Amino acid sequence: YEVVYSPMRLRLRRLVLQVVEWEVPRLAKMQRRWRSPALDRLFVFAGMLGNHTFFMLALPFAHIFGLGVFGRGLSFVVLWSFYFSSVVKDYISAPRPASPPVVQITRSPAHTIEYGFPSSHTTYVVSALLYISHYMLNVWAVSGLWLCVLWVIGIVIIFSRVYCGLHSVIDVTGGFAIGALEALVFIYCYEPLDVLMRSNPGPLYIIAALYVALSAMPRSLDLCPCCIDAFCATSVTAGLGLGAWIYVRLPFLYHG
């Protein structure tokens, strides 16, 4: 790291690493005090509600049920949060909490070889929750009770990353900040971007954005699959964008 990484990258990595190392004995103590078979099952299941597989299965249903604009926007928010969390993960290159003494409770051991900061689960969940909340408050006028239920589920998913020993508190905090910032920018900028994407030169903009995003991925020293996540997610957004561009040019399908 000292030879390959820039001074700024090294400083950020050391800062995060110091906090993670300070947290490790405290996380291990928390696990020893709180763990039980019932909570293990609950938080493992909660973690599955915020992973790649869940979003891969869930996001298409917004399109299937005719919520095209919402579904496309939510898909972009979530998939680009994959990208931004992957970029920061590879740039910082900070490990997850040391195991042992922390116990990693997971059904997907492959995730443990990724870097820790930020928590990708937290990034996806927060970005999705903010975008859905925006629609619930400003478009659908849904009861505040359902909004509270949504956020309680989200908080359980986020806390599951710490309980399961897969992330430290600083990882979750970083993921929350990145997810919130990305979602807020997207909420306020999505409409003009959507118009631009569906314009005549839209495919050129989409391809250019994809090229720039993938070219900007930082290189890391370790075999971390974060760059694969980013490539897959941004490729899906390209497909969504091109699909929308074609859709609005088919008069027998598109009705404004």
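Residues numbered from 1 in each chain as written. Predicted model: local features only at pLDDT ≥ 70, side-chain atom pairs only at ≥ 80, totals over all residues. Heavy atoms only, no water.

- Naming follows an unreviewed UniProt entry, where the protein appears as Acid phosphatase/Vanadium-dependent haloperoxidase of Coemansia reversa.
- The record held by UniProt for the protein lists under Sequence similarities (unreviewed entry) the comment "Belongs to the type 2 lipid phosphate phosphatase family."
- In the Subcellular location (unreviewed entry) part of its UniProt record, the protein is described as follows: "Endoplasmic reticulum membrane". (UniProt positions renumbered as here; feature names shortened; annotations may be inferred.)

Digging into unusual backbone geometry
Piece 1. In this model, serine 99 is joined to proline 100 through a cis peptide bond whose omega is -5 degrees.
Piece 2. Within the secondary structure, proline 100 is located in the loop between helix 4 (68-92) and helix 5 (120-138).
Piece 3. With an omega of -5 degrees, the peptide bond running from phenylalanine 117 to proline 118 counts as cis.
Piece 4. Tracing the backbone through its elements, the reader meets proline 118 in the loop between helix 4 and helix 5.
Piece 5. If you check the backbone angles, serine 93 has positive phi at about 55 degrees while not being a glycine.
Piece 6. You can see serine 93 is positioned in the loop between helix 4 and helix 5. (Helix = DSSP H or I, 4+ residues; strand = E, 2+ residues; numbered from the N terminus.)

Brief notes about the packing of aromatic side chains
Piece 1. Summed over the entire model, instances satisfying the criterion amount to 20 aromatic pairs.
Piece 2. When the centroid spacing of 6.3 Å and the interplanar angle of 35 degrees are considered together, the rings of phenylalanine 76 and phenylalanine 186 count as tilted. Separated by 110 residues along the polypeptide, phenylalanine 76 in helix 4 and phenylalanine 186 in helix 7 (residues 169-197) bring together distant segments of the chain. The pair phenylalanine 76 / phenylalanine 186 is uniform in exposure class, with both members buried.
Piece 3. Relative to tyrosine 135, the ring of tyrosine 131 has its centre 5.4 Å away and its plane inclined at 40 degrees; by these criteria the two rings are tilted. Placement of the pair is tyrosine 131 and tyrosine 135 together in helix 5, with a separation of 4 residues, close to one helical turn.
Piece 4. Given the relative accessible area of 12%, tyrosine 135 is considered buried.
Piece 5. Through pairs of rings, three or more aromatic residues link up here, namely Trp34, Phe43, Phe159 and Tyr163.
Piece 6. Taking the ring centre of tyrosine 5 as reference, the NZ or CZ of arginine 9 above it sits at 3.7 Å.
Piece 7. The ring centre of tyrosine 1 lies 3.7 Å from the NZ or CZ of arginine 13, which sits over that ring. (Phe/Tyr/Trp six-rings, centres within 6.5 Å; stacked < 30°, edge-to-face > 60°. Buried < 20%, exposed > 50% of the residue type's maximum accessible area, 1.4 Å probe, protein only. Lys NZ or Arg CZ within 6 Å of the ring centre and 35° of its normal.)

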